[in-house]
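Fold and contact review
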Amino acid sequence: DTEVTQTPKHLVMGMTNKKSLKCEQHMGHRAMYWYKQKAKKPPELMFVYSYEKLSINESVPSRFSPECPNSSLLNLHLHALQPEDSALYLCASSQYEGTNTEAFFGQGTRLTVV
Amino acid sequence: DAKTTQPPSMDCAEGRAANLPCNHSTISGNEYVYWYRQIHSQGPQYIIHGLKNNETNEMASLIITEDRKSSTLILPHATLRDTAVYYCIVRAARRGSTLGRLYFGRGTQLTVWP
């Protein structure tokens, strides 16, 4: 099983809503990532978790709050978003050992903030 | 902070080989070269990676120059389904950590025509 599953596939939310994106993998990977991708742009790294601990936060605004409840699950909690936060949010995972490991990506959640 | 340079677009006839170049002149000795592709509105898909030697798998071949400052991804018999954005990535390793981040550059839009 080399799948990273993201839910929901599409999400529309208002600026005052609170919502969560979910990502799951069962490959035993200990590193998990959140990326944001705007239209016609490359994916931008947001957060990295290693062994369920936040390892990297690429200066992401606090209205995005990641959570890693266990080694298979990664959430991204959203609150008070702005329309410019509308984007494709991608989750990925990889093994922890060294840089000689490929990352597997989910199909993304397309978020629209209205 | 992408460390690679790729042409923004390339065309290829179906059935012919597609050769996608990438410059990574500042690559460090322990950094790998990764290739991913992203078909429209889907998550990035891992293709291949390498350190020094040429690599081949069922999808593609990766040719890395001896000085490691550039590489070429070869799709031996391109099909219409290979139309995608192709990203060449140097896997950054943080000092003191085995965790490697994936930073995407702008990539090359490959269009395969009939």
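Scroll up to find the structure.
Here is a short report on the structure shown in this document. No experiment lies behind these values; they were computed from the predicted model shown.

**What about the overall build of chain A?**
Regarding its fold elements, chain A presents 0 helices and 11 strands. When the helices and strands of chain A are placed in sequence order, the string is β-β-β-β-β-β-β-β-β-β-β. The globule rule puts the C-alpha radius of gyration for 114 residues at 13 Å, and the 13 Å found for chain A is close to it. The dimensions of chain A, computed from C-alpha atoms along their principal axes, are 40 × 25 × 20 Å. Total accessible area computed for chain A in this model is approximately 5,500 Å², and 49% of it derives from carbon and sulfur atoms. The average position of the 12 basic charges and that of the 11 acidic charges among the side chains of chain A differ by 9 Å.

**Some remarks on the environment of K69(B)**
All names here are of chain B. Summarising the element assignment, K69 is placed in the loop between strand 6 (61-64) and strand 7 (70-75). For K69, a relative accessible area of 44% puts it in the partly exposed group. With near-sequence residues (within four places) excluded, K69 lies in contact with C22, N23, H24 and S25.

**Focus on the sheet that holds strand 6 of chain B**
Sheet strands associate in pairs through backbone hydrogen bonding, adopting either a parallel or an antiparallel arrangement. All names here are of chain B. The strand order 2-7-6-5 describes an open sheet built from 4 strands, whose pairing is antiparallel. With partners counted over all chains shown, the strands left at the sheet margins are strand 2 (18-23) and strand 5 (55-56), one partner each. Bridge count for strand 5 against strand 6 is 2 bridges, and the pairing is antiparallel. Opposite E55, over in strand 6, you have L62 as the bridge partner.

**Observations regarding the interface of chain A and chain B**
Across the contact, 28 residues belong to chain A and 25 residues belong to chain B. Both sides together, the interface formed by chain A and chain B hides about 2,100 Å², and carbon and sulfur atoms give 51% of it. Applying the counting criterion to the chain A and chain B interface returns 0 salt bridges. Our count for the contact surface shared by chain A and chain B stands at 5 residue pairs in polar contact (both at pLDDT 80 or more). The set of elements that each furnish at least two residues to the side of chain A that touches chain B consists of strand 4 (31-37), strand 5 (44-50), strand 6 (53-57) and strand 9 (87-94) of chain A.

The rules we used
Residues numbered from 1 in each chain as written. Chains lettered and ligands numbered in written order. Predicted model: local features only at pLDDT ≥ 70, side-chain atom pairs only at ≥ 80, totals over all residues. Heavy atoms only, no water. Helix = DSSP H or I, 4+ residues; strand = E, 2+ residues; numbered from the N terminus. Rg over C-alpha atoms; globule rule 2.2 N^0.38 Å. Areas by Shrake-Rupley, 256 points an atom, 1.4 Å probe, with all protein chains shown as cover. Lys, Arg positive; Asp, Glu negative; His and termini not counted. Charge placed at Lys NZ, Arg CZ, Asp CG, Glu CD. Buried < 20%, exposed > 50% of the residue type's maximum accessible area, 1.4 Å probe, protein only. Contact = heavy atoms within 4.5 Å. Pairing = 2+ DSSP bridges. Buried area = accessible area lost by both parts, 1.4 Å probe. Salt bridge = Lys/Arg side-chain N within 4 Å of Asp/Glu carboxyl O. Polar contact = N/O pair within 3.5 Å; in protein donor to acceptor, adjacent residues only side chain to side chain.

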